[in-house]
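One letter stands for each residue in the lines below.
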Amino acid sequence: MSQLGTPMVDPAVERRANRMMMVILAVVCALLALRAVVGSSVGSGDAAVTEHGFGLVYVQEAKKGFVAEDAKEKAADGTEVEVRRWKPAAPGQTPEISWTEWNEVTAGEWAAAQRARADAPASAPLVTVSWPRTAGVWFAALMTLAVLSFLWRDNPVYKLAESVVVGVSAGYWMIVATWDTLVPKLAGALVPAWTKAHLMPSLESAGVDWWGLVPLGLGMLLLCRLSARVSWLGIFPLAFVVGTFAGLRFVQNIESDLLAQVATMFEPLVVVKHQVLAGADATATAPIDWAGSIGASLSALLILVGVLSVLAYFFFSLEHKGAVGGAARVGIWYLMITFGASFGFTVMGRIALLAARLEFLFDDWLWLIDPSGKH
Amino acid sequence: MSDRPNESFLARLDRIDRRWIFLMMAIAVAGPIIWVGVTGRTFPETATPAVQGAFDAIERLPEGSKVLVSFDFDPASAGELQPMATGFIHHCQLRKHRIYAMTLWAPGSPLIGATLADVIGNDPSYRYGENFVDLGFQAGNEGVMKQVGVDFPKAFPNDSKGTPLARIPMMQGITRLSDFDILISVSAGYPGGKEWVQYGVSPTLTQGHRLPFVAGSTGVQTPQMIPYYPVQMSGILGAIKGAAEYESLVNAKATAPGETVPAKYQEAQRRMAPQLFGHSLMVGLILVGNVIFFAGRRKGAAE
């Protein structure tokens, strides 16, 4: 008899499964090698070529240049203000600001550009493989496989992927918190001129907002929790946060989840629906839609029975015997069906996420499918 | 050769290594993806009332209506929600609505730019600041929702590029949430559709002008959202199935019969074949599991 913490599968079965999985892994690796050797036919017509490999990203350069244009505009208060606008540089005009964008192109467009390269003028935009973006696709594919490898068993590759995700997420959130909260809302409130000059040129502020000292003080108190001697000071900001959210949620939950939901219960049990005639709205003069009416009436009845029976199940002041017990049993059925529906939705969500990852592997990485005509 | 020769088939199934089940699920999902990818065929979809309600809510608005779209999701849930976001923006573009995009999820900010560029990037009739605007991310969860309800420019003083709202033409006349004609939330969790109902829509119920609200939600969140339909929400796209139904409605409006639908507008429909086979396998496994359980119980009782 198996106990908690011991494997459910006996060692002999696991050894056999391990051998089979290694065979499957070897077959997959062989297919990948074959995929790289055989190559893919990209492009069409005369421009069709065979590309050996997969997971490549092609780009085309697009040079952007802008020149400044100063103009005078009337502000909201009627005064004239100088405004500098940027417009695209005309052909032959020297831009004051310029840069190069690399836009993704399909493998077919790349193949056509390779064919036409000999006759193309020197100024023709360059179409080439983007190695940084190609590395990005390969990194994403290998990370996907690394995470999925956990299904095999816990392993160092999975641990690496997990650590990368945690590290990148932490770094991302720190940057977001700094530039979306600390800089504009704290520094921008307390030292707006300095913040605008050194950190955020687009900051618009009416002046120093001394209310910014309140979150600063609460934040400093929260940091006190790092020290055992003064950690008690951290209780105050936590109390502020908990109290604020409790008050905020109390009102909104009563309004939206209690009162509004109770109001929707007060609906007629017998619903009469009329057929919708082509080119006209449903009116009382139209014939009765019997199927729709019976369906809507049954739906209203099911909701009423469901609410009362589930309430009976959670009503513990009376023993669940007789009529109350019967209603409670109906309530259990309602709850089980609800949980089943939730489980079904969860399965749907998880399969959708798996399908999205597999679609990425088969499309962007392996070039086995091409729904959007990229390859 | 089995190490337990007298063991019954059901007993062997009971001891099956879980990795065989993972492999079966991988094949059940991967096979249809390749089939759909190679043939380009998808299943026909019929819209359920909740999805039809979402479609009608956007469809019945007059041209040029102000639509606030909140991208409350991140790349981790894009597999389910990106088709909804694409579908909503595509539908708004077809109806020539003005699109105000925002997010309460920090990783959602790049998704706004990518979706807008993907759907309306090459449409010359859509000019940034006049027909669509990317308001970006704002920290504060429910605090932002409460704030936009009373003072929108205070919650979003700039767009995602740092341009003050006062300099964006389409922001003229937007002072609070109820100035929009409809609110759309593509929601992966907290904060998202549920909080928008609580802090954004419900207060307008008591103000006499209910703000029409439509949501797209993940499968996990959908059961929590359904009680709000149809009073507090005009419609809901539940999980990838809802997205596929909505895509089919929008595509039917956007393309003439026989015309090819671009692949980017069929993302959810492509994922319905893997759903069918994945769910069939899951149902089969549940049935087999129950057969094994009851057979084992009967055998135990007999012994």
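Residues numbered from 1 in each chain as written. Chains lettered and ligands numbered in written order. Predicted model: local features only at pLDDT ≥ 70, side-chain atom pairs only at ≥ 80, totals over all residues.

A closer look at the overall build of chain A
Each helix and strand in chain A was counted, giving nine helices and six strands. Over its C-alpha atoms chain A spans a radius of gyration of 33 Å, topping by over 25% the 21 Å that the globule rule assigns to 375 residues. Oriented by its inertia axes, the alpha-carbon framework of chain A measures out at about 90 × 75 × 75 Å. Looking at the 375 residues of chain A, the share that counts as buried comes to 10%. (Helix = DSSP H or I, 4+ residues; strand = E, 2+ residues; numbered from the N terminus. Rg over C-alpha atoms; globule rule 2.2 N^0.38 Å. Buried ≥ 20, exposed ≤ 12 C-beta atoms within 10 Å, placed from the backbone.)

A word on the overall build of chain B
From N to C terminus, chain B includes twelve helices and six strands. The long-range fraction of contacts in chain B, counting pairs at least 24 apart against all pairs at least 6 apart in sequence, stands at 76%. (Contact = placed C-beta atoms within 7 Å.)

Section: the interface of chain A and chain B
Many analyses report the size of an interface as the accessible area lost when the parts associate. Contacts between the two partners involve 44 residues from chain A, matched on the other side by 49 residues from chain B. Listing elements by their share of the side of chain A that touches chain B, those giving two or more residues are helix 1 (11-38), helix 4 (156-190), helix 7 (235-265) and helix 9 (322-365) of chain A. The dominant element in the side of chain A that touches chain B, judged by the number of residues it contributes, is helix 9 of chain A, at 17 residues.

What to know about the pairing of strand 5 (residues 97-105) of chain A
All names here are of chain A. Sparse coverage of strand 5 is indicated by the burial of zero of its nine residues. Where strand 3 (residues 58-74) meets strand 5, nine bridges bridge the pair, whose relative direction is antiparallel. The partner of Glu-61 across the bridge, within strand 5, is Trp-102. (Pairing = 2+ DSSP bridges.)

Focus: the packing of helix 3 (residues 131-148) of chain A against helix 9 of chain A
Residue and element names in this part refer to chain A. It is at 10 Å that the axes of helix 3 and helix 9 come closest, and there the two elements cross at 145°. Remark: the crossing between helix 3 and helix 9 carries left-handed chirality. Every residue of helix 9 that contacts helix 3 at Val-137, Ala-141 and Thr-144 is listed here: Arg-357, Leu-361, Asp-364 and Trp-365. A breakdown of the residues in the contact of helix 3 with helix 9 according to their chemical character gives four nonpolar, one polar and two charged. (Axes fitted to C-alpha atoms, helices over the stretch in contact; angles between N-to-C directions. Left-handed = near helix turned anticlockwise from the far one by under 90°. Nonpolar A, V, L, I, M, F, W, Y, C, P; charged D, E, K, R; others polar.)

Looking at the environment of Phe213(B)
All names here are of chain B. By the element assignment, Phe-213 lies in strand 5 (residues 213-217). Assessed through the 26 C-beta atoms surrounding it within 10 Å, Phe-213 is described here as buried. Note: C-alpha distance between Phe-213 and Gly-300 (87 residues apart in sequence) is 55 Å. Ignoring sequence-local partners within four residues, the contact set of Phe-213 consists of Leu-183, Trp-196, Val-197, Val-201, Gln-232, Met-233 and Ser-234.

Some remarks on the nonpolar core
One finds Val69(B) and Ala101(B) to be the most contacted residues of the largest nonpolar core, which totals 83 residues. Broken down by element, this core gets its largest block of residues, eight residues, from helix 9 of chain A. Ignoring sequence-local partners within four residues, the contact set of Val69(B) consists of Phe88(B), Ile89(B), Ile99(B), Tyr100(B), Ala101(B) and Ile184(B). Tyr58(A), Ala107(A), Trp110(A) and Ala113(A) belong to the second largest nonpolar core, which has twelve residues in total. (Core = buried A, V, L, I, M, F, W, Y, C linked by C-beta atoms within 7 Å.)

Describing the domain arrangement of chain A
Partitioning chain A into structural domains gives domain 1 (32-153) and domain 2 (267-359). The distance between the C-alpha centroids of domain 1 of chain A and domain 2 of chain A comes to 51 Å. (Domains from an automatic or database assignment.)

Considering the pairing of strand 5 of chain B
The two faces of a sheet get side chains in turn, since along a regular strand they alternate between them. All names here are of chain B. Among the five residues in strand 5, five count as buried, and that is most of the element. Alternating residues of strand 5 divide into Phe-213, Ala-215 and Ser-217 and Val-214 and Gly-216, and every residue in both groups is buried. Pairing analysis gives five bridges linking strand 4 (residues 182-187) to strand 5, with the strands arranged parallel. Pairing of Ile-184 across the sheet is with Val-214, part of strand 5. Examined bridge by bridge, strand 5 and strand 6 (residues 235-238) share four bridges and lie parallel to one another. Its bridge partner lying in strand 6, Ser-217 is registered against Gly-238.

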